[in-house]
Amino acid sequence: MTLAVLLIVVPLAGALLCLAGTERGAKAVGLVASLGTLGAAVAMAREFPAWGTADFWPNQHGWPLFTAFGVEFLLGADSIGMLLILLTALLIPCSMLVSFSAITARQRGFYAQFLFMESAVMLAFLARDVILFYIGYEFTLVPLFLIVAIWGGNERKVAAIKLWVYSFVGSVISLVGFIYLAASHAAESGGPLTFAIDALTAHGSGLPAETQWWVFLAIMGGFAVKVPFVPVHSWLPLAHGEAPTAGSVVLAGIVIKIGQYGALRFAFPMAPEGGLALAHFFAALALVGILAMSLVCWVQNDVKRLVAYSSVAHMGLAMLAMFAFNVVGMEGAVLYMVNHGLSTAGMFMCIGIMYERYHTKDMEVVGGLMQRMPVWAAFMVFFAMASLALPGLNGFVSEFLCLMGVYTADFGMKTGYQGVLGPAYAFLAALALVLGALYVLRMLQKFVFGPLREPHGDGHAGHGHAAATDLSFREVLAMSPLALGCLVIGLWPSPLLRAIEPASASVVKPYVTLIERDAAAAKAAATAAALPAPAAETAQ
């Protein structure tokens, strides 16, 4: 368990050292601590024995934390959690690197908040106790709130308050579902209160279908805010628009992934009857988000908010695939978490670098930047194509699997991947992908290509924008690992798919059983209806 503990302790210690040190040394301390966490994550991945299985590791006996409430400090990750840990450990140092020249005030607090957030996120992804997860899940909100409120844009206070209210209310709703499960389990077993994930999962999946409906609605309802689903999404574009570059990177690449992770780790396995009953409701919300946000992106001139709205659409597709309840869709949704974290984080970095030079995000004011910054333009086009799901890049693999999972999720199709959605959902989701191509290409045409447009008269660099320069070595270094990840996953996705397939199958296994049960019942009812009536009834 040593490496798992280090993933939490190293960034926490680094944050405290940042606060205790000097302003000039905060960058170095923050970067070293984040690189140390990355090293611990890589070491844990190398030792991880559960790749290609659905097991958790280390998942040993925990230490009593709050004995009266049955809370244990129990850590463990499966292959899905391990991928998200690696993604988190990679994005934090990259986001710090890209911030070195952008953040010049209160640097100790800035880098400390990112390390506090990293520690909380690692706790959430490693926790094998519901309350332990909830502590990490909730504590990510505090540093993110401070990052937006202190280092954000002109509307930072409104954005930070909206972020806090939406996220806090959603997490409380999920907590109500967790507390009900724990109390119900204690009452039924006659034993002490426990929040162990395995115990609550076994108990919740055995509750009556009507009870599971409410449990699933509570737990999933809270995580739906974090994903986010429409109509509880409006906090995200505002937070992205006002957050500093590094804040947008971790928000898109890490924080909203906790919502999707929470859905597959808690809501889906703890109340499968409820999930099956509410599948079409949440799938419809996901489709509305995909289509509506794609249309909003089409007319958006603020390039940062355009990418923010596109994140809502992309996560909508991932959640739609999860509600297909088959292995293909779940694999695509899990891989989408990683791929979206790489490509969208890269786009936010490119936009932040541009904003640092021009102090505007309006595509009507600034554009044609390939003529001024060709290396920057190459990165921007690359990440945009990855987000667009160009074949050969990472986005294509996950979007194809998501659509395939949704399309084959139908009772009547002999695919081996039956589910509860089907071709109609897949067609509408694919239509949104066409809209996605339109708004991404429109953005590139205005923002990267075309005639050079630069704002004048704001005094930047003392003489307009003639001195705007291309990427520095530090900025290239910050974005190169993300670009490499997009390329490697796009060309060779099979190792990741083999790693996550058993864990994905374990999430959907109870749903496959329920779907087969309902299909058999429907077939039996149809057969009974087709039989001729008994002779006595015919005579009457």
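Parameters and conventions
Residues numbered from 1 in each chain as written. Predicted model: local features only at pLDDT ≥ 70, side-chain atom pairs only at ≥ 80, totals over all residues. Heavy atoms only, no water. Helix = DSSP H or I, 4+ residues; strand = E, 2+ residues; numbered from the N terminus. Rg over C-alpha atoms; globule rule 2.2 N^0.38 Å. Buried < 20%, exposed > 50% of the residue type's maximum accessible area, 1.4 Å probe, protein only. Contact = heavy atoms within 4.5 Å. Areas by Shrake-Rupley, 256 points an atom, 1.4 Å probe, with all protein chains shown as cover. Lys, Arg positive; Asp, Glu negative; His and termini not counted. Charge placed at Lys NZ, Arg CZ, Asp CG, Glu CD. Salt bridge = Lys/Arg side-chain N within 4 Å of Asp/Glu carboxyl O. Axes fitted to C-alpha atoms, helices over the stretch in contact; angles between N-to-C directions. Parallel < 35°, antiparallel > 145°, perpendicular 65-115°, else oblique. Left-handed = near helix turned anticlockwise from the far one by under 90°. Nonpolar A, V, L, I, M, F, W, Y, C, P; charged D, E, K, R; others polar. Phe/Tyr/Trp six-rings, centres within 6.5 Å; stacked < 30°, edge-to-face > 60°. Lys NZ or Arg CZ within 6 Å of the ring centre and 35° of its normal. Pairing = 2+ DSSP bridges. Expected span 1.5 Å × (residues − 1).

Colleague: Would you mind showing me how to read the overall build of the protein here?
Modeller: Scanning the protein from N- to C-terminus turns up 21 helices and four strands. Taking 540 residues into account, the globule formula puts the C-alpha radius of gyration at 24 Å, and the protein, at 24 Å, falls close to it. Here the C-alpha coordinates of the protein stretch approximately 100 × 55 × 40 Å along the principal axes. Taking all 540 residues of the protein together, the buried fraction comes to 59%. Counted over contacts in the protein with a minimum sequence separation of 6, partners at least 24 positions apart contribute 79%. For the protein, the accessible surface area stands at approximately 20,200 Å², while carbon and sulfur atoms represent 69% of it. Considering the protein, the positive charge centre built from 26 side chains and the negative charge centre built from 29 side chains are found 9 Å apart.

Colleague: Help me out: how do you make sense of the pattern of salt bridges in this one?
Modeller: With the rule as written, the count across this model stands at nine salt bridges. Across the salt bridge formed by R265 and D78, the nearest N and O atoms sit 2.8 Å from each other. Of this pair, R265 sits in helix α11 (residues 245–270) while D78 is found in the loop between β4 (76–77) and α3 (79–97), placing the two residues 187 residues apart along the sequence. Classification of R265 by relative accessible area gives buried; the value is 8%. Taking the relative accessible area as the measure of exposure, D78 reaches 2% and is therefore buried. Across the salt bridge formed by E454 and R372, the nearest N and O atoms sit 2.7 Å from each other. Of this pair, E454 sits in the loop between α18 (423–447) and α19 (473–491) while R372 sits in the loop between α15 (327–358) and α16 (374–387), and the two are 82 residues apart along the sequence. Take E454: its relative accessible area is 14%, and that puts it in the buried class. By relative accessible area, R372 is classed as partly exposed at 27%.

Colleague: What is the right way to read unusual backbone geometry from this model?
Modeller: If a residue is not glycine, its phi is most likely negative; likewise, a peptide bond is most likely trans. Of the consecutive residues V227 and P228, the connecting peptide bond is found in the cis state with omega at -5 degrees. Turning to its location among the elements, P228 is positioned in the loop between α9 (209–226) and α10 (235–242). Residue P231 is reached from V230 by a cis peptide bond, and omega for that bond is 15 degrees. Relative to the helices and strands, P231 resides in the loop between α9 and α10. In this structure, A389 takes a positive phi of about 70 degrees despite not being glycine. The residue A389 is located in the loop between α16 and α17 (394–408) in this model. Residue class for A389 comes out buried when judged on its relative accessible area of 13%.

Colleague: What am I meant to see in the side chain of H240 here?
Modeller: Here H240 is to be found in helix α10. The residues touching H240, leaving out its near neighbours within four places in the chain, are S248, L251, A252, K304, A308 and F348.

Colleague: Looking at this structure, how should I read the environment of L477?
Modeller: Within the fold, L477 resides in helix α19. Given a relative accessible area of 42%, L477 falls into the partly exposed group. When the C-alpha positions of L477 and P495 are compared, they lie 25 Å apart, and in sequence the two are 18 residues distant.

Colleague: Where do I start with the packing of α3 against α19 in this structure?
Modeller: Packed helix pairs are specified by the crossing angle of their axes together with the interaxial distance, meaning the distance between the axes. Put simply, α3 and α19 touch, their axes get as near as 8 Å, and they point 160 degrees apart. For the element pair α3 / α19, the angle class is roughly antiparallel. In the crossing of α3 with α19, the sense of the turn from one axis to the other is left-handed. The segment α3 lies against α19, with L90, L91, C94 and L97 engaging R474, L477, A478, P481 and L482. A class-by-class count of the residues in the contact of α3 with α19 yields eight nonpolar, no polar and one charged.

Colleague: Explain the packing of aromatic side chains to me, please; I cannot follow it from the model alone.
Modeller: The way to describe two aromatic rings as a pair is by their centre distance and the angle between their planes. Evaluation of the coordinates by the stated rule reveals 33 aromatic pairs. A centroid spacing of 5.8 Å and a plane angle of 70 degrees characterise the contact between F229 and F282, whose relative ring orientation is edge-to-face. One end of the pair, F229, is in the loop between α9 and α10; the other, F282, is in helix α13 (residues 279–298), with 53 residues separating them in the sequence. Each member of the pair F229 and F282 is classed as buried. Ring geometry for F268 and F325: centres 5.6 Å apart, planes at 65 degrees, overall edge-to-face. Here F325 lies in the loop between α14 (303–322) and α15 and F268 lies in helix α11, a separation of 57 residues in the sequence. With respect to class, F268 is no different from F325; both count as buried. In this structure an aromatic cluster arises from ring pairing among F216, F229, F268, F281, F282, F323, F325 and Y511. The ring of F56 has R128 sitting right over it, with the charged end atom 3.6 Å from the ring centre. If you follow K226 out to its NZ or CZ, it ends over the ring of Y137, 5.3 Å from the centre.

Colleague: How do you make sense of the pairing of strand β2 (residues 63–66) when you look at a structure like this?
Modeller: Looking along a regular strand, one sees side chains alternate from face to face of the sheet. Judged from the three bridges that link them, β2 and strand β3 (residues 71–73) form a sheet pairing that is antiparallel. Directly across from F66, in β3, lies its bridge partner V71. Connecting the antiparallel pair β2 and β3 is a turn made up of four residues, with G70 showing a positive phi of about 70 degrees.

Colleague: Before we go on, may I ask you to explain α17 in this structure?
Modeller: In an α-helix, one turn spans 3.6 residues; hence positions three or four apart end up facing the same way. A rise of 1.5 Å per residue sets the reference length of α17, with its 15 residues, at 21 Å; its end C-alpha atoms lie 22 Å apart and thus fit the reference within 8%. Among the 15 residues in α17, eleven count as buried, and that is most of the element. Among all positions in α17, only N394, G395, V397, S398, E399, L401, C402, L403, G405, V406 and T408 are buried.

Colleague: Looking at this model, I keep getting lost on the packing of α3 against α11. Mind explaining?
Modeller: At a minimum axis separation of 9 Å, α3 and α11 run at an interaxial angle of 170 degrees. By the angle between their axes, α3 is roughly antiparallel relative to α11. Taken together, the residues of α11 that come into contact with α3 (itself represented by I80, G81, L84, L87, T88, L91, I92 and S95) are A246, V249, V250, G253, I254, Y261, L264 and R265. Across the contact of α3 with α11, the residue classes break down as eleven nonpolar, four polar and one charged.

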